[in-house]
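# Architecture at a glance
Spelled out, the chains give:
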Amino acid sequence: MKKYITMLVGMVMAFCFYGCSDENIEIDHSYDNISAIQEYRLPENLESGEVLANSGLDIDNEEIVFIANDSEFKNAFRNYSNNYGEVLPIDFRSNKLLLVQGNCSKIGHINKSLSQISDKKYELTIELTLTPFSPAVTYAWVAGYVIPNSIEMEDISLSIDYKR
């Protein structure tokens, strides 16, 4: 009887070991693009309220725009390169810059994230927490992300939430 129990325990352990082996795990690589997405550090005063309208970039409020090459980038940030802090370079051979801006009064805090929600679909979420203690002055907000060239405009949905 002891011999059968030892053999049964050995078979159960072998089954568990085989079932937990890395060779049997299938990895879904369809979401690998998200690791290539990085938040872009914008010039300090641009993030804190200076509107992109002062630059060479034509961008509507709460609309996503792509900057896909060096000439568009230099034109968009021509007023920021020297006077307002460093504008970091982007490798446009494999990436592009996603920008979105808006404006609102009484902004207390801004949370922004770009998440991959399916194989080729992404969601850019901007949450603005409004506070009654801020002055009723309208401020601009801007979000920027460096994304792979393979991501197209129709692949990204924009969600902007104003919370009180």
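Reference entry: report on the structure contained in this document. In this convention, every chain numbers its residues from 1, walking through the sequence in written order. Side-chain atom pairs in this predicted model are given and counted only at pLDDT of 80 or more, local residue features only at pLDDT of at least 70, and totals for whole chains, interfaces and linings cover all residues. Hydrogens and water are ignored here; the side-chain numbers use all heavy atoms of the structure.

A word on the overall build of the protein chain. Numbering of helices and strands starts at the N terminus; helices are DSSP runs of H or I of at least 4 residues and strands are runs of E of at least 2. Scanning the protein chain from terminus to terminus reveals 3 helices and 7 strands. Of the regular secondary structure in the protein chain, the N- to C-terminal order runs α-β-α-β-α-β-β-β-β-β. Taking all 164 residues of the protein chain together, 34% fall into the buried category. The contact criterion used is simple: two residues touch if any of their non-hydrogen atoms lie within 4.5 Å. In the protein chain, the proportion of contacts linking residues at least 24 apart, taken out of those at least 6 apart, comes to 77%. Accessibility here uses a 1.4 Å probe with only protein chains present; expressed as a share of the type maximum, an area under 20% marks a residue as buried, one over 50% as exposed, and anything in between as partly exposed.

Strands qualify as paired when DSSP identifies two bridges or more between them. One open sheet accounts for 3 strands, arranged E4-E5-E7; its pairing is mixed. Each end of this open sheet is capped by a strand with a single partner; those strands are strand E4 (107-118) and strand E7 (156-163). Strand after strand, the sheet turns through a mean of 15° between neighbouring axes, direction not considered. Relative to E7, strand E5 (residues 121-130) is paired through 8 bridges, and the arrangement is parallel. Looking at the pairing, Thr125 lines up with Ser159 of E7. An axis is simply a line fitted to the C-alpha atoms; with a helix, the fit covers only the stretch in contact. Between two such axes, the angle follows the N-to-C directions and lies from 0 to 180 degrees.

One can find Asn95 in strand E3 (residues 95-105). For Asn95, a relative accessible area of 15% puts it in the buried group. Here the side chain of Asn95 touches Ser94 through a polar contact of 3.4 Å, side chain to side chain. Distance and chemistry together define a polar contact, namely a pair of N or O atoms within 3.5 Å, with one atom able to donate a hydrogen and the other to accept it when in protein, and with adjacent residues in sequence counting only for side-chain atoms on both sides.

Sheet architecture is open: 4 strands sit in the order E1-E6-E3-E2, paired in antiparallel fashion. With one partner strand each, in any of the chains shown, strand E1 (38-39) and strand E2 (65-67) form the two edges of the open sheet. Judged from the 11 bridges that link them, E3 and strand E6 (residues 138-148) form a sheet pairing that is antiparallel. Paired with Ser105 across the two strands is Thr138, which belongs to E6.

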